[in-house]
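Spelled out, the chains give:
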Amino acid sequence: MRTSEECGPPDRSSLLSPIPVNKGRRVAFSSTSLLKMAPNAEERTTIHEMFLSTLDPKTISFQSRVLPPNSVWMENSKLKSLEICHPQERNIFNRIFGGFLMRKAYELGWATACNFGGSRPFVVAVDDIMFQKPVEVGSLLFLSSQVCFTQENYIQVRVHSEVASLQDKEHMTTNVFHFTFMSEKEVPLVFPRTYGESMLYLDGQRHFNSMSVPVTLNKEYLVEP
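Residues numbered from 1 in each chain as written. Predicted model: local features only at pLDDT ≥ 70, side-chain atom pairs only at ≥ 80, totals over all residues. Heavy atoms only, no water.

(A) Spatial organisation of a nonpolar patch on the surface. On the surface, Tyr106, Val123 and Val126 cluster together to form a nonpolar patch covering roughly 220 Å² of accessible area. Here Val123 lies in strand 3 (residues 122-126). (Patch = residues over 30% accessible without salt bridge, like charges linked within 9 Å, V, L, I, M, F, W, Y side chains within 5 Å. Areas by Shrake-Rupley, 256 points an atom, 1.4 Å probe, with all protein chains shown as cover. Salt bridge = Lys/Arg side-chain N within 4 Å of Asp/Glu carboxyl O. Helix = DSSP H or I, 4+ residues; strand = E, 2+ residues; numbered from the N terminus.)

See the structure below:
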């Protein structure tokens, strides 16, 4: 049996590797954000083909849009909620505890996926959560959730969190959450109608594709209606 001295100290690079890897991933993801750079050629082709598939064949017009079979407009997949940030949810810094914000965002995202898919969803991935702005006690917290990408029985949900300033009524973003859910059955395709929604679709597709390991649903977890 080898002693600890014979084995030598642990490789510090292996112990610390997840931190720079995750940081590098966030930096790379941010540098290619659709808020900074135009979609790549493959993504532009995807959006154009989706747009063409929604044109009404009975009319020769770019204004007449119809949904393909088994699909839903993205604008019809939204849910919203409002939370009053009470003092009991504060942390040691007298700000609203981040875990409270995460829970409320997850609950709304789950409800959105449940309403969209028509069955109980299971969360399979949560993207990195970055807190852009602290939330003060007494704030009005607005949460807006929508399905931005679907594939087979997967549902990609984006939850936008913002607070309203009581003085000038200005809304400021605090967080953007990305959740990947899996439904018990195949879900409809979600189609963007506007350019802004198309960017949300591509962003959702990117977050979905960043999920490293495909997930299979254990039949024992299914809940009969």
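We are not done yet, so read on.
(B) View of the nonpolar core. Counting residues in hydrophobic clusters, the biggest one holds 37 residues, and the most contacted among them are Ile155, Val157, Val159 and Tyr201. Every element with two or more residues in this core is listed here: helix 4 (41-53), helix 5 (98-117), strand 4 (140-151), strand 5 (154-164), strand 6 (171-182), strand 7 (189-191) and helix 6 (195-209). It is helix 5 that provides the largest number of residues to this core, a total of six residues. Filtering out sequence-adjacent residues up to four positions away, Val157 remains in contact with Gly109, Thr112, Ala113, Ser145, Gln146, Val147, Phe177, His178, Phe179 and Phe181. (Core = buried A, V, L, I, M, F, W, Y, C linked by side-chain atoms within 4.5 Å. Buried < 20%, exposed > 50% of the residue type's maximum accessible area, 1.4 Å probe, protein only. Contact = heavy atoms within 4.5 Å.)

(C) Structural detail: the sheet that holds strand 4. Taken together, the five strands give an open sheet; going across it, the order is 2-4-5-6-3, and neighbouring strands pair in antiparallel fashion. Lying at the two open borders of the sheet, with one neighbouring strand each, are strand 2 (78-84) and strand 3. Across this sheet, the average inter-strand angle for adjacent strands is 30°, counted without regard to direction. Pairing between strand 4 and strand 5: eleven bridges, direction antiparallel. Bridging across to strand 5, Ser145 finds its partner in Val159. Those strands touched by helix 5 are strand 2, strand 3, strand 4, strand 5 and strand 6, and its axis lies near 45° from that of strand 4. Lying on the sheet, helix 6 is in contact with strand 4, strand 5 and strand 6; it crosses strand 4 at an angle near 75°. (Pairing = 2+ DSSP bridges. Axes fitted to C-alpha atoms, helices over the stretch in contact; angles between N-to-C directions.)

(D) View of the packing of helix 4 against helix 6. Closest axis-to-axis distance for the helix 4/helix 6 pair is 11 Å, and the angle between their directions is 125°. If you check the angle between helix 4 and helix 6, you find them oblique. Along this stretch, helix 4 crosses helix 6, giving a crossing that reads as right-handed. Counting all contacts with helix 4, which are made through Glu43, Thr46, Ile47 and Met50, the residues of helix 6 involved are Ser198, Tyr201, Leu202 and Arg206. Among the residues forming the contact of helix 4 with helix 6, the class breakdown is four nonpolar, two polar and two charged. (Parallel < 35°, antiparallel > 145°, perpendicular 65-115°, else oblique. Left-handed = near helix turned anticlockwise from the far one by under 90°. Nonpolar A, V, L, I, M, F, W, Y, C, P; charged D, E, K, R; others polar.)

(E) Molecular detail of the pattern of salt bridges. In the structure shown here, the tally under the stated rule is five salt bridges. With its nearest N and O atoms 3.8 Å apart, the salt bridge here joins Lys104 to Glu107. Separated by three residues within a single helix, Lys104 and Glu107 lie in helix 5, roughly one turn from each other. A relative accessible area of 17% means that Lys104 is categorised as buried. For Glu107, a relative accessible area of 36% gives the class partly exposed.

(F) Seen up close, the layout of surface pockets. Reported here for the second largest pocket is a volume of approximately 190 Å³. Looking at the second largest pocket, the residues that line it are Arg44, Ile47, His48, Met50, Phe51, Arg65, Pro192, Arg193, Thr194, Tyr195 and Ser198. Listing elements by their share of the lining of the second largest pocket, those giving two or more residues are helix 4 and helix 6. Here the lining of the second largest pocket gets five residues from one element, more than from any other, and that element is helix 4. Along the lines of polarity and charge, the residues of the lining of the second largest pocket split into five nonpolar, three polar and three charged. (1 Å grid on protein atoms, 1.4 Å probe; cavity = no way out; pocket = protein on both sides within 12 Å on 5 of 7 lines; lining within 4 Å. Points joined across faces, edges and corners; volume = space filled by probe spheres on them.)

(G) Region of interest: the side chain of Ser161. Position of Ser161 among the secondary structure elements: in strand 5. Using a relative accessible area of 1% as the deciding quantity, one classes Ser161 as buried. At a separation of 2.7 Å, a polar atom in the side chain of Ser161 contacts the side chain of Thr174. Not counting the four nearest positions on each side in its chain, Ser161 is found in contact with Leu141, Phe142, Leu143, Met172, Thr173, Thr174, Asn175 and Phe177. (Polar contact = N/O pair within 3.5 Å; in protein donor to acceptor, adjacent residues only side chain to side chain.)

(H) View of helix 4. Counted at 1.5 Å a residue, the expected span for helix 4 with its 13 residues is 18 Å, and the 18 Å between its end C-alpha atoms agrees. Glu43, Ile47 and Met50 are the residues of helix 4 that are buried. Within helix 4, the buried residues cover an arc of 60° as seen down the axis, which keeps them to one side. Turned more than 90 degrees from where helix 4 packs its buried face, Glu42 and Glu49 sit exposed. Its buried side turned inward, helix 4 meets strand 7 and helix 6. Between a side-chain oxygen at the N-terminus of helix 4 and the backbone nitrogen of Glu42 the separation is 3.2 Å; the capping residue is Asn40. (Expected span 1.5 Å × (residues − 1). Arc of directions from axis to C-beta.)

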